[in-house]
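Listed here are the chains, written in short residue letters.
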Amino acid sequence: MERKDFPIVLQAKHVTEILGVAKSTTYELFASPGFPLLQLNGRKLVYRDSFFEWLDAKQKAAQ
């Protein structure tokens, strides 16, 4: 799947799928400083574009 194929607001299941990690790892990531988390009525979400910008920044920092 390409970035544009994901919904505008990602749920934990989407982040888990994109990263290929366990759901528990996704929730640990959601709690990490700097992660672009959006909390709405107790749900943990992330805007697609913000997530991929964050992911790109992490990749560049690792190089």
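Just so we're clear, the structure is a prediction, and the values are computed from it rather than from any experiment.

Asker: How do you make sense of the overall build of the chain when you look at a structure like this?
Answerer: A count of helices and strands for the chain gives three helices and three strands. Element order for the chain, N to C, with α for helix and β for strand: β-α-α-β-β-α. A compact globule built from 63 residues should have a C-alpha radius of gyration of about 11 Å, and the chain, at 11 Å, falls within 12% of that. In terms of its C-alpha atoms, the chain occupies a principal-axis envelope of roughly 35 × 25 × 20 Å. Looking at the chain residue by residue over its 63 residues, the buried ones come to 25%. At a minimum sequence separation of 6, the contacts of the chain that also span at least 24 residues come to 44%. Carbon and sulfur atoms make up 51% of the accessible area of the chain, which amounts to about 4,400 Å² in all.

Asker: Explain the nonpolar core to me, please; I cannot follow it from the model alone.
Answerer: Inside soluble globular proteins, nonpolar side chains tend to come together where they are buried. Counting residues in each nonpolar core, the largest one holds eleven residues, listed as Phe6, Leu10, Ala12, Val15, Leu29, Phe30, Phe35, Val46, Phe51, Phe52 and Trp54. Mapped onto this core, the elements with two or more residues apiece are α1 (12-19), α2 (23-30) and α3 (48-62). If you tally residues by element for this core, the top one is α3, at three residues. With near-sequence residues (within four places) excluded, Leu10 lies in contact with Val15, Ile18, Leu45, Val46, Arg48 and Phe51.

Asker: I tried to follow the pairing of strand β3 (residues 43-47) on my own but got confused; where do I start?
Answerer: Sheet analysis places strand β1 (residues 9-10) next to β3, joined by two bridges and oriented antiparallel. Following the sheet pairing, Leu10 is matched in β3 by Val46. Sheet topology places strand β2 (residues 38-40) next to β3; three bridges connect them, and they run antiparallel. The residue bridging Leu40 from the neighbouring strand is Arg43, located in β3.

Asker: For this particular structure, what's the right way to read the packing of aromatic side chains?
Answerer: To describe a pair of aromatic rings, one takes the distance between the centres and the angle between the planes. The full count for this structure, using the stated rule, is seven aromatic pairs. Taken together through their ring pairs, the aromatic side chains of Phe6, Tyr27, Phe30, Phe35, Phe51, Phe52 and Trp54 make up a single cluster.

Scoring rules and cut-offs
- Residues numbered from 1 in each chain as written.
- Predicted model: local features only at pLDDT ≥ 70, side-chain atom pairs only at ≥ 80, totals over all residues.
- Heavy atoms only, no water.
- Helix = DSSP H or I, 4+ residues; strand = E, 2+ residues; numbered from the N terminus.
- Rg over C-alpha atoms; globule rule 2.2 N^0.38 Å.
- Buried < 20%, exposed > 50% of the residue type's maximum accessible area, 1.4 Å probe, protein only.
- Contact = heavy atoms within 4.5 Å.
- Areas by Shrake-Rupley, 256 points an atom, 1.4 Å probe, with all protein chains shown as cover.
- Core = buried A, V, L, I, M, F, W, Y, C linked by side-chain atoms within 4.5 Å.
- Pairing = 2+ DSSP bridges.
- Phe/Tyr/Trp six-rings, centres within 6.5 Å; stacked < 30°, edge-to-face > 60°.

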